[in-house]
Amino acid sequence: AGKTLDLKSQGSVTMPSGSVLQVINTNVQVSGTNTGDAPSSTAGLEIYSVSFTPISATSRIIVMTSSVMSQELSNVGDKRWLGAWADTTQIGVNSATPHANVHVAALNNAMQSLNHGINSWGTTAKTIRIRGGGDGAGYVNLETVYDYSASLREIGMTIMEIQG
């Protein structure tokens, strides 16, 4: 206890499989509308983006979010989604939504989160983007009269690199 391991003084060090190499963790307050689009690295509302450079070419990059609420503006598109991309390469998309008939005016909504991974693309920087939307115009993380406050609608984001 209380001792620090100085790996820099050891020169080149290979961490064992499963070791956490780096973590980015932040909270964002974002809400807005989206036009109707299928999931892509440019569609929907951008919730978060960050330049990320893997330390290892043989690692796994994991992208996680807390729940993000999404709903359509009118009954014109039922497929709500939340996704992550490294530049234009899809890391993962969640497109599960409840049936519209259970909601007032048949407006579809979803509470979605991500816990998706991708093998490292090497040791060059790419922009990781988290985006949300649907195939019809809608809201992402809509502020309503039922919120306690905007600060309680934060979305937690974690990007973790794990040695392969």
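What counts and how
Residues numbered from 1 in each chain as written. Predicted model: local features only at pLDDT ≥ 70, side-chain atom pairs only at ≥ 80, totals over all residues. Heavy atoms only, no water. Pairing = 2+ DSSP bridges. Helix = DSSP H or I, 4+ residues; strand = E, 2+ residues; numbered from the N terminus. Axes fitted to C-alpha atoms, helices over the stretch in contact; angles between N-to-C directions. Buried < 20%, exposed > 50% of the residue type's maximum accessible area, 1.4 Å probe, protein only. Phe/Tyr/Trp six-rings, centres within 6.5 Å; stacked < 30°, edge-to-face > 60°.

J.: Quick question: what am I supposed to make of the sheet that holds strand β11 (residues 138-140) here?
T.: Sheets are built from strands paired through backbone hydrogen bonds, the pairs being either parallel or antiparallel. Taken in spatial order, the 4 strands of this open sheet run β2-β11-β5-β8, and their pairing is antiparallel. The open sheet is flanked by β2 (32-34) and β8 (109-112), the only strands paired with a single partner. When strand polarity is set aside, the average angle formed by the axes of neighbouring strands in this sheet is 25°. Relative to β11, β2 runs antiparallel, the two sharing 3 bridges. Its bridge partner lying in β11, N34 is registered against G138.

J.: Any chance you could explain the pairing of strand β10 (residues 126-134) here in plain terms?
T.: Regular strands show a simple pattern: their side chains alternate between the two faces of the sheet. The element β10 is largely enclosed, with a buried count of 7 among its 9 residues. Sheet topology note: the strand β3 (residues 45-52)/β10 ladder contains 7 bridges and is antiparallel. The partner of F52 across the bridge, within β10, is K126. Pairing of strand β6 (residues 80-86) with β10 involves 7 bridges; the strand directions are antiparallel. In the strand pairing of β10, L82 is matched with G132.

J.: Help me understand the packing of aromatic side chains in this model?
T.: Describing an aromatic ring pair means giving the distance of the ring centres and the angle of the ring planes. Within the structure shown, the criterion is met by 2 aromatic pairs. Measuring from ring centre to ring centre gives 6.0 Å for W81 and W85, while their planes differ by 85°; the resulting arrangement is edge-to-face. When sorted by exposure, W81 lands in the same class as W85, which is buried.

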